[in-house]
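What the coordinates show
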Amino acid sequence: MSTAVRPARPRTRWPGRAGHLFVAAYVVLLIAFGVVPTVYAIYFAFTDAGDRFAGLSNFVEAAGDFRYLSAVGHVALYLLFWLVSLVVFVVGLALLLHRLTSGAASIALRFLYYIPGALAGAASVLVWLFMLDPSVSPVSFLLQAFGFDTFGQVVAPDHLPVLFTMIAFWTGAGGWIVVMYGALNNISPDLLEAARIDGAGAWQTAWRIQIPLLRKWIVYMVILAFAGGTQLFVEPQLLSQASVGVAGRDYSLNQLSYDFAFQNDNVNTAAAISVELLVIGVVVAGLFVARSGFFDAD
């Protein structure tokens, strides 16, 4: 009885080359539009107009500007509203979507959640400018019910953190709801069934099983949302133009950096603010990763 011998597969000189090719395209873009601009900004942040080493003088100049602390306060307040609303509502809506819908209804709702994210930031703000003007808004009756009769009343400075949070949530939360929904689908049905048999209700199941298993996804969402929130620029910039300066040209740190670069012709101080935002984002991300065990094996 003879045994058939399979021909040996030819060895590839470069195992996994397809994966390397896919990653290579990303690496090229990362270097071109991530690493190089970052190094460029750091260089400007520590030099003066004559390309001489300036130490921390650009950072001191930025912090000493009369608009700096107010811009920090505006961004911090916005981040508080934005991150809290994102975590609470995204996780809550994802849990409801996972529990209450199935089949065609689930697909339709996920699609509806995702649609606003298809709009670019500027287009999203323009939609909201239309919605917030009582004279043309299709929901003007709601605005008037809250006592807002003019666009200026709606976009008063005290309302801006909430308005920017609403715009950011409308644009970005839908994608995260879909992501959380997918993560919930990866939880073993046997685990949920065991909890139900043990008498756990919907709230206990969500609080003790589903949310803890979503922890790493929530941390990932918060890290990216924090980084994006510190870059607040498009919303106040367009709102400032539409409301004839209600929001101000220097409401956020990014706006202040833009003003230093293109109004005061001070690229070095503008770069210093950019580097500060980078450092804050990296430090906060590092703290979240370290405290949450983000890279720990489950």
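As a reminder, the structure under discussion sits directly above these lines.
Throughout what follows, the structure given in this document is the object of discussion. Only a predicted model underlies this, so the values are computations on that prediction, with no experimental measurement involved. (Residues numbered from 1 in each chain as written. Predicted model: local features only at pLDDT ≥ 70, side-chain atom pairs only at ≥ 80, totals over all residues. Heavy atoms only, no water.)

Another point: the side chain of Gln-237. Within the fold, Gln-237 resides in helix α12 (residues 234-242). The exposure class of Gln-237 is buried, given its relative accessible area of 14%. (Helix = DSSP H or I, 4+ residues; strand = E, 2+ residues; numbered from the N terminus. Buried < 20%, exposed > 50% of the residue type's maximum accessible area, 1.4 Å probe, protein only.)

So, about the pattern of salt bridges. All told, the structure shown has six salt bridges when counted by the stated rule. A salt bridge links Asp-65 to Arg-67, with the shortest nitrogen-to-oxygen separation between them at 2.9 Å. Note on accessibility: Asp-65 and Arg-67 belong to one class, buried. Notably, a salt bridge pairs Glu-193 with Arg-196, separated by 2.4 Å at the nearest N-O pair. One end of the pair is Glu-193 and the other is Arg-196, both in helix α9 (residues 189-197) and three residues apart, which spans about a single turn. The exposure class assigned to Glu-193 is partly exposed, which follows from its relative accessible area of 34%. By relative accessible area, which is 52% here, Arg-196 ends up exposed. Within this structure, Asp-65, Arg-67, Arg-249, Asp-250 and Asp-259 form a network of salt bridges that share partners. (Salt bridge = Lys/Arg side-chain N within 4 Å of Asp/Glu carboxyl O.)

A few words on helix α13 (residues 253-262). Helical periodicity: at 3.6 residues per turn, an α-helix aligns residues three or four positions apart in one direction. Where burial is concerned, most of α13 is hidden: eight out of the 10 residues are buried. For α13, the complete set of buried residues consists of Leu-253, Asn-254, Gln-255, Leu-256, Ser-257, Asp-259, Phe-260 and Ala-261. On the buried face of α13, the contacting elements are α3 (68-100), α12 and α14 (267-292). (Contact = heavy atoms within 4.5 Å.)

Here we come to a nonpolar patch on the surface. Together, Val-23, Tyr-26, Val-27, Leu-30, Ile-31, Val-35, Val-36 and Val-39 give the surface a local cluster of nonpolar side chains, amounting to about 680 Å² of exposed area. When you line up the elements, Val-39 lands in helix α1 (residues 17-45). (Patch = residues over 30% accessible without salt bridge, like charges linked within 9 Å, V, L, I, M, F, W, Y side chains within 5 Å. Areas by Shrake-Rupley, 256 points an atom, 1.4 Å probe, with all protein chains shown as cover.)

Counted by the stated rule, this structure contains 10 aromatic pairs. Geometrically, the ring pair formed by Phe-233 and Tyr-258 is tilted, given 5.5 Å between the ring centres and 55 degrees between the ring planes. Note that Phe-233 is positioned in the loop between α11 (215-230) and α12 and Tyr-258 in helix α13, a separation of 25 residues in sequence. Here Tyr-258 and Phe-262 contribute two aromatic rings whose centre-to-centre distance is 4.9 Å and whose plane-to-plane angle is 45 degrees, an arrangement assigned as tilted. Taken together, the positions of Tyr-258 and Phe-262, both in helix α13 and four residues apart, correspond to about one turn of that helix. With relative accessibility at 36%, the residue Tyr-258 sits in the partly exposed group. Ring-pair connections join several aromatic residues into one group, and the members of that group are Tyr-40, Tyr-43 and Phe-44. (Phe/Tyr/Trp six-rings, centres within 6.5 Å; stacked < 30°, edge-to-face > 60°.)

The values are spatial; any link to function lies outside them.
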